[in-house]
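# Close look at the chain arrangement
The residues making up each chain are set out below.
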Amino acid sequence: MQTNNGTTSPTSSGIRPFLQQIAGHKSNGKEVYGCLETDDDCILKPLQSGSRGPREKKLYESLSQSQSDDDDIVQTLRSFLPKYYGSVVLNGIEYLKLQDLTKPFSHPCGIDIKVGARTWDPEADGDKILREKEKYPPAEVIGYQILGMRVSWDVTCDLPPLLALLDWFRFR
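Let us look at the structure shown here.

Thresholds, definitions, all that
Residues numbered from 1 in each chain as written. Predicted model: local features only at pLDDT ≥ 70, side-chain atom pairs only at ≥ 80, totals over all residues. Heavy atoms only, no water. Phe/Tyr/Trp six-rings, centres within 6.5 Å; stacked < 30°, edge-to-face > 60°. Helix = DSSP H or I, 4+ residues; strand = E, 2+ residues; numbered from the N terminus. Salt bridge = Lys/Arg side-chain N within 4 Å of Asp/Glu carboxyl O. Buried < 20%, exposed > 50% of the residue type's maximum accessible area, 1.4 Å probe, protein only.

This part takes up the packing of aromatic side chains. Summed over all chains, the structure comprises one aromatic pair. Ring centres of Tyr-60 and Tyr-84 lie 5.7 Å apart, and the angle between their planes is 20°; this geometry places the pair in the stacked category. Highlighted residues: Tyr-60 in helix H1 (residues 52-64) and Tyr-84 in strand E4 (residues 84-90), separated in sequence by 24 residues.

Okay, structure coming up:
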């Protein structure tokens, strides 16, 4: 992994596709790379295109710099986010380096919830807005979308096998 010219392959030693990824663009192991995991218990999340990536990076940068005068909202928000360890460049793609919150769990469960009635970039064109609205029409009313979930369990527990199907189910 390199932090400057990006000549290291995301499939190099110590870096592999993140198997716990629930939604978003996933890695195909060849030329498309979604989230990756590292040997140092971190996730590498690719920066999104356009202005979204730099905005997300700026958010993590500002929230990772604790200030003594931070208000309660900022402190609360920070407690729900993974730690931010900067960014790295691999094969010309910039990734955010984030704490892997699933690492402590032997059978992690997760849910991907897109919060907000509007799920498109403020700079999106009319076609993009229409496509986003059609994906999950109730989002404008209820204010969120459930993009997917992954449920894992220890085979020795008494949960019904039906829960295995939830990993395949998408809520849109």
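Alright, that's what it looks like, and here's the rest.
What follows is about the pattern of salt bridges. This model, assessed by the stated rule, comprises eight salt bridges. Residues Arg-16 and Glu-37 are paired through a salt bridge, measuring 3.8 Å at the closest nitrogen-oxygen approach. Of the two residues, Arg-16 is situated in strand E1 (residues 15-17) and Glu-37 in strand E2 (residues 36-38); the sequence distance between them amounts to 21 residues. Glu-37 gets classed as buried once you look at its relative accessible area, which sits at 11%. Among the ionic pairs, Lys-97 bridges to Asp-40, the shortest N-O distance being 2.8 Å. Remark: Asp-40 occurs in the loop between E2 and strand E3 (42-46) and Lys-97 occurs in strand E5 (residues 93-99); sequence separation between them is 57 residues. Taking the relative accessible area as the measure of exposure, Lys-97 reaches 13% and is therefore buried. Members of the salt-bridge network, linked through shared partners, are Arg-16, Glu-37, Asp-39 and Lys-103.

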